Amino acid sequence: MSRSCNLVINGRSVEAGIGETLVDAGLGGWTVIPHDCCSGQCDTCRVTVVRGSVDDQGTAEGRTVLACQATVAGDAEIEFEEIPAMTKRTGVVSGITHLSPDVLEVVVELTTGFEYRPGQYASVKFAGFPARDYSPSLRLDGTMRPGELVFHVGRLPGGVVSSQVGATIQPGHRVQVRGPFGHAFLRDGEGPVVLVAGGTGWAPIWSLAHAARTSQRHRDLIVLAGARDLHELYMRPALDWLVQDGVRDVIGTSERDVVWPVRRGRPTHYLPSLGLEDTVYVAGPSGLVNAVKRKALATATRCYADPFLPGTQSLSLIDRVMRMLQSPAREARAAVGVRSPALSPALRSIQADRIVSTPSPSAAALTGQRRHTSASN
Ligand code: FES
């Protein structure tokens, strides 16, 4: 491969060969463009083409391309937004709480701090299990203590990791966290911010909403959160928090059953008309994310998306051995039990009546966690 082109990355020149991906070209010149999956799924590597041209390989959105897919086609200049450097941290699970029958809040206490921008995600590896991607969020009452990360984990029957949270994975379980990753993080700006979440897509959206209310109170906020059923609309306390904090446009939607103020339908049914001054963030099932992205694209509205896609990584041999070694400790911890929050009478009756069954793929998509979500999760 000839190395005859000049690629300028954030002001730094590197020699690059025609056909190399931008990520590889950067690495060849000792310049790391933030990346994670390298398969065109996570959006972490999205860069802006400032001048010249690259072969976008079908990933162009406006002037941006995915650097892990787009290839060098000649001299060019690209830019990416600086994000905290990727780090690896260790910690332990310090709490597990049911937020709904299918969603758990998992709090991890780290030995040292983990820097990220609201809306980003991390690769989380519970000892003995394959890594999964979760977004650091907050408790639904808007709190988070220093040194801890709060995750919302959608539990799937048969999921390799999610089905074990609260079972094999209990308080005290060791965890590795790697990151941060993702491109749908909060930026400074002036215009309204439109936040759209489906299922556990609420985790990054809640982080964004809370940060916007803390550091960008001058901006109007429009918040839409949806779930398939009322009992899956686990984020209702957080929606109440936003209303009490003065956010006027807060809408929760359920496709099946509704109780005021929850509205019937999907978040897309209540999306406001978008304009150039708006910035949209959307996270959750890919169907919802793509629908919102299409609407934003049609009006040239800035849109940062965090789609949750199926994953396939199963248990490695080392993970299997680790799980076997952990079995005695698991039994001891199980005696402690998993904490359950006080549920509203309505939610309690829904939970009591609920018959566990295998959800349809679309239901699984709404309750599942992010990119690495599937029946094999
Ligand atoms: S690293 Fe390019 S999309 Fe994930």
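What counts, and where the lines are drawn
- Residues numbered from 1 in each chain as written.
- Predicted model: local features only at pLDDT ≥ 70, side-chain atom pairs only at ≥ 80, totals over all residues.
- Helix = DSSP H or I, 4+ residues; strand = E, 2+ residues; numbered from the N terminus.
- Buried ≥ 20, exposed ≤ 12 C-beta atoms within 10 Å, placed from the backbone.
- Contact = placed C-beta atoms within 7 Å.
- Core = buried A, V, L, I, M, F, W, Y, C linked by C-beta atoms within 7 Å.
- Domains from an automatic or database assignment.
- Pairing = 2+ DSSP bridges.
- Axes fitted to C-alpha atoms, helices over the stretch in contact; angles between N-to-C directions.

## A closer look at the overall build of the chain
Okay, step 1: Secondary structure summary: the chain contains seven helices and 17 strands in total.
Okay, step 2: When burial is assessed residue by residue, the chain has 44% of its 377 residues classed as buried.
Okay, step 3: Taking all contacts inside the chain whose residues are at least 6 apart in sequence as the whole, residues at least 24 apart take part in 67%.

## Some thoughts on the environment of Pro267
Okay, step 1: Here Pro267 lies in the loop between β15 (263-264) and β16 (279-285).
Okay, step 2: For the pair formed by Pro267 and Val223, sequence separation is 44 residues and the distance between their alpha carbons is 9.2 Å.
Okay, step 3: With residues up to four places along the chain from it excluded, the contact list for Pro267 reads Val196, Gly198, Leu224, Ala225, Gly226, Thr253 and Leu288.

## Considering the nonpolar core
Okay, step 1: Of all hydrophobic cores here, the largest spans 70 residues; its most connected members are Leu195, Ile205, Val223 and Val282.
Okay, step 2: Per-element tally for this core: the top contributor is helix α2 (residues 202-215), with seven residues.
Okay, step 3: Per-domain counts for this core show at least three residues from each of domain 2 (87-182 + 310-344 + 354-367) and domain 3 (193-308).
Okay, step 4: When sequence neighbours within four positions are dropped, the list of residues in contact with Leu195 reads Ile205, Leu208, Ala209, Leu221, Ile222, Val223, Leu224 and Tyr281.
Okay, step 5: Judged by nonpolar contacts, the second largest core, of 20 residues, contains Ala16, Ala25, Ile33 and Cys68.

## Regarding the sheet that holds strand β9 (residues 132-134)
Okay, step 1: Spatial ordering of the open sheet is given by β9-β8-β11-β6-β7-β10, a layout of six strands whose pairing is antiparallel. The sheet terminates laterally at β9 and β10 (148-154), the two strands that pair on one side only. Each strand axis lies, on average, 40° off the axis of its neighbour in the sheet, ignoring direction.
Okay, step 2: With eight bridges joining them, strand β6 (residues 87-100) and strand β7 (residues 103-110) adopt antiparallel strand pairing. Among the inter-strand pairings, Ile96 is bridged to a residue of β7, identified as Val106.

## As for unusual backbone geometry
Working note: non-glycine residues mostly have negative phi, and peptide bonds are mostly trans.
Okay, step 1: The residue after Gly179, namely Pro180, is reached through a cis peptide bond having omega 5°.
Okay, step 2: Unlike most non-glycine residues, Trp30 shows phi in positive territory, near 60°.
Okay, step 3: Look at Cys38: it is not a glycine, yet its phi comes out positive at around 55°.
Okay, step 4: With respect to the helices and strands, Cys38 occurs in the loop between α1 (22-28) and β3 (46-55).

## Digging into the sheet that holds strand β2 (residues 12-16)
Okay, step 1: Pairing is mixed across the open sheet formed by five strands, whose spatial order is β2-β1-β5-β3-β4. Unpaired on one side and paired on the other, β2 and β4 (64-66) mark the two borders of the sheet. Pairs of neighbouring strands in the sheet enclose a mean axial angle of 45°, with direction left out of account.
Okay, step 2: Inspection of the sheet shows strand β1 (residues 5-9) paired to β2 by five bridges, in the antiparallel sense. For Ile9, the partnering residue across the bridge sits in β2 and is Arg12.

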